[in-house]
Amino acid sequence: MGRDGGTAGTDVDVIVVGAGLAGLYMLHRLRRAGFTVRVIEAGSGIGGTWYWNRYPGARCDVPSLEYSYGFDDDLEQDWEWTERYATQPEILRYLEHVADRFDLRRDIQLATRVVAATFDEVTSTWTVETDAGERRTARFVVAATGCLSSANLPDIPGRDSFEGPSYHTGRWPHEGVDLTGRRVAVIGTGSSAVQAIPVLAEQSAELVVFQRTATYTVPAHNGALPPAQQAEVKARYREVRAVNRESVVGFGATSVLGPPTAATADVAPAEREHVLAERWDQGGLAFLGAFTDTMTSAEANEVAAAFVRSKIHEIVDDPAVAELLSPTQVIGCKRLCVDSGYYATFNRPDVRLVDISSGGIEAITPTGVRANGEDHGVDAIVFATGFDAMTGALAKIRFAGVGGRALAEAWSEGPKTYLGLGVPGFPNLFLVTGPGSPSVLANMVTAIEQHVEWIAGCLEDLRAGGHERIEATPEATEDWVAHVNAVAGFTLFPSCNSWYLGANIPGKPRVFMPLPGFPPYAARCADVAAHGYEGFVLGPVR
Ligand SMILES: Cc1cc2nc3c(=O)[nH]c(=O)nc-3n(C[C@H](O)[C@H](O)[C@H](O)COP(=O)(O)OP(=O)(O)OC[C@H]3O[C@@H](n4cnc5c(N)ncnc54)[C@H](O)[C@@H]3O)c2cc1C
């Protein structure tokens, strides 16, 4: 394929949509393989999640040393993380460094949204349209549009009548927000809220938290990263990355406690407490990995859940508030949160918890929020209401595949992919961390690197074989969707109303979208490639 344009007279070989962790590495990897690439990004800067989510307290909850690229030895040796869990500004600085270090910016077009992409069956190329009215052509399109990039602003009656400022955590103003001395409402209690609430409570005069579902969160025990610990990991980084690729969740190699070895039922009750307490004291998501069966056995899950509930009652002074903060659903079926002082924040006299589990929020008024028939006057509203996950960003692009079929129509009953990478009827389109792949159930950097490398390898193989087209078959896709459902059905993940299921978006089909278990998935992808892209149809050799 050409250096300055693409084959078949296209502008470039590959258009990548999105310049987050996935789009940046996709560009680098494809360019290294000799493809011409253009990345189109809606934001005015690179970084994706870490460009948009600037709310107070935003940080990763996979340890920074593992929530980082492993594709370049020098990069991982040179970059110094300052905290166990890096803040949003630090992760963004890291991604800016990556963009500069690998000279990525010259192929990235910022502040441009892709609004449509149409496949031409005669030439086997895509035409991509942007909100600036441009049309660009490419043989392939890679949607690196992000699983959590389409902010969800709920349609609450009177939402736009509020006279004060309101903010969504995922679209936080870049210049920052000063809430000192203000009365602030926070709507939502998911991961972003759990990170933001302790910091907002420090700033505001009064914080009112509207909770529909109580949240399980485990302490981060965040702090400065000791230089010796960083050096120790760097000395064995290849092994760390390899161990993570063999981990169900794509991380854990730097954890002192390691993966679980025993099922809950095989451990005496007193010892279970000890194992869970050790994980709680270590901090972080590894809490869910105390036993092998926490996400597959309801009884085992209840042991971990009851432990967290007992901690909530220990931390929170007012027993009624502690009870309200105590979740009843399976632990882990909504994303487990990691916090710095979340439950303790509710001991503050200036923080109030409002239970909206029965009636939701009735209305937003010009002066505040109405719930349970009561008006709560506030000066600012923070929507910590998450995202239209996994499919939201894709749904905003008018994809037209074979026969002009819309992706929205193909996915009207829920997303259907082969391996989370390909969609039948949409040749030469690749999804990074698409539905049907481990994505949000894994360390996303591990998942992204595996996808980027698979896609790049596939394009190299197509080029070597002279193929100009690849498309997932409907049969392989149906089998894959059934497989994802079967694996998810074996776990407790689908047991509650989570965004993994699309339950946070009214009208969205309820389908469990991510696939639990990274290593067997990655092995299957490798196998598919090794067997001539089994389940895909490759276009004619030119
Ligand atoms: C606050 C927060 C904390 C997180 N912490 C962790 C963590 O600790 N560990 C973990 O594994 N994951 C975490 N995640 C998930 C995180 O999204 C991923 O880890 C990762 O950043 C995703 O990278 P990405 O490139 O796939 O997507 P994104 O970073 O979401 O980038 C996608 C980009 O595509 C752009 N885009 C979308 N549609 C279009 C379009 N039509 N036209 C042009 N551009 C478009 C968006 O503007 C965005 O910049 C977190 C997410 C959030 C929101």
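Nothing here was measured: the structure is a model prediction, and the numbers come from that model.

About the thresholds
- Residues numbered from 1 in each chain as written.
- Predicted model: local features only at pLDDT ≥ 70, side-chain atom pairs only at ≥ 80, totals over all residues.
- Heavy atoms only, no water.
- Helix = DSSP H or I, 4+ residues; strand = E, 2+ residues; numbered from the N terminus.
- Buried < 20%, exposed > 50% of the residue type's maximum accessible area, 1.4 Å probe, protein only.
- Contact = heavy atoms within 4.5 Å.
- Areas by Shrake-Rupley, 256 points an atom, 1.4 Å probe, with all protein chains shown as cover.
- Lys, Arg positive; Asp, Glu negative; His and termini not counted.
- Charge placed at Lys NZ, Arg CZ, Asp CG, Glu CD.
- Disulfide = S-S within 2.5 Å.
- Core = buried A, V, L, I, M, F, W, Y, C linked by side-chain atoms within 4.5 Å.
- Axes fitted to C-alpha atoms, helices over the stretch in contact; angles between N-to-C directions.
- Parallel < 35°, antiparallel > 145°, perpendicular 65-115°, else oblique.
- Nonpolar A, V, L, I, M, F, W, Y, C, P; charged D, E, K, R; others polar.
- 1 Å grid on protein atoms, 1.4 Å probe; cavity = no way out; pocket = protein on both sides within 12 Å on 5 of 7 lines; lining within 4 Å.
- Points joined across faces, edges and corners; volume = space filled by probe spheres on them.

1. Digging into the overall build of the protein chain
When helices and strands are tallied, the protein chain shows 16 helices and 20 strands. Viewed in the frame of its principal axes, the protein chain has a C-alpha envelope of about 75 × 55 × 45 Å. Relative to its 542 residues, the protein chain shows a buried fraction of 60%. Within the protein chain, counting contacts between residues at least 6 apart in sequence, those at least 24 apart form 72% of the total. For the protein chain, the exposed surface amounts to about 21000 Å²; the carbon and sulfur share of it is 52%. Here the protein chain contributes 45 positive and 66 negative side-chain charges, whose respective centroids are spaced 4 Å apart.

2. Let's talk about the state of the cysteines
Here a disulfide denotes one covalent bond, and it connects the sulfur atoms of two cysteines. Going through the model one piece at a time under the given rule, you end up with 1 disulfide. Here cysteine 333 engages in a disulfide with cysteine 496; their sulfurs sit 2.0 Å apart. Taking the sign of the S-S torsion, 125° for the link of cysteine 333 and cysteine 496, the bridge is right-handed. Note that cysteine 333 is positioned in the loop between helix 10 (319-325) and strand 11 (337-339) and cysteine 496 in the loop between helix 15 (474-489) and helix 16 (518-530), a separation of 163 residues in sequence. Just as cysteine 333 is buried, cysteine 496 falls in that class too.

3. Regarding the nonpolar core
Of all hydrophobic cores here, the largest spans 138 residues; its most connected members are Tyr69 and Trp454. Ranked by residue count, the leading element in this core is helix 14 (residues 444-465), at 10 residues. Residue contacts for tyrosine 69: discarding those within four places in its chain leaves Gly20, Leu21, Leu24, Tyr25, Leu75, Glu76, Tyr94, Leu95, Val98, Arg241, Val445 and Glu449. Listed in part, the 22 residues of the second largest apolar core include Ala117, Phe399, Leu407 and Val423.

4. Overview of unusual backbone geometry
You will see that alanine 111, though not glycine, has its phi angle at about 50°, which is positive. Residue position: alanine 111 is located in the loop between strand 3 (108-109) and strand 4 (114-120). For asparagine 428, which is not glycine, the phi dihedral falls at a positive 60°.

5. Some details on the packing of helix 14 against helix 16
Contact geometry of helix 14 with helix 16 gives a least axis separation of 11 Å together with a crossing angle of 5°. With respect to each other, helix 14 and helix 16 are oriented roughly parallel. Packed against helix 14, whose contacting residues are Thr446, Ala447, Gln450, His451 and Trp454, the element helix 16 presents Phe518, Tyr521, Ala522, Cys525, Ala526, Val528 and Ala529 at the interface. Considered class by class, the residues forming the contact of helix 14 with helix 16 number 9 nonpolar, 3 polar and no charged.

6. As for the layout of surface pockets
Each pocket or cavity is described by its volume, and for the second largest pocket that value is around 290 Å³. Taken together, 21 residues form the lining of the second largest pocket, with Thr391, Ala395, Ala408, Trp411 and Pro509 sitting closest to its centre. Mapped onto the lining of the second largest pocket, the elements with two or more residues apiece are helix 12 (392-395), strand 17 (398-400) and helix 13 (407-410). Among the elements that line the lining of the second largest pocket, the one with the most residues is helix 12, at 3 residues. Residue composition of the lining of the second largest pocket, by class: 13 nonpolar, 5 polar and 3 charged.

Structural measurements only, silent on function.
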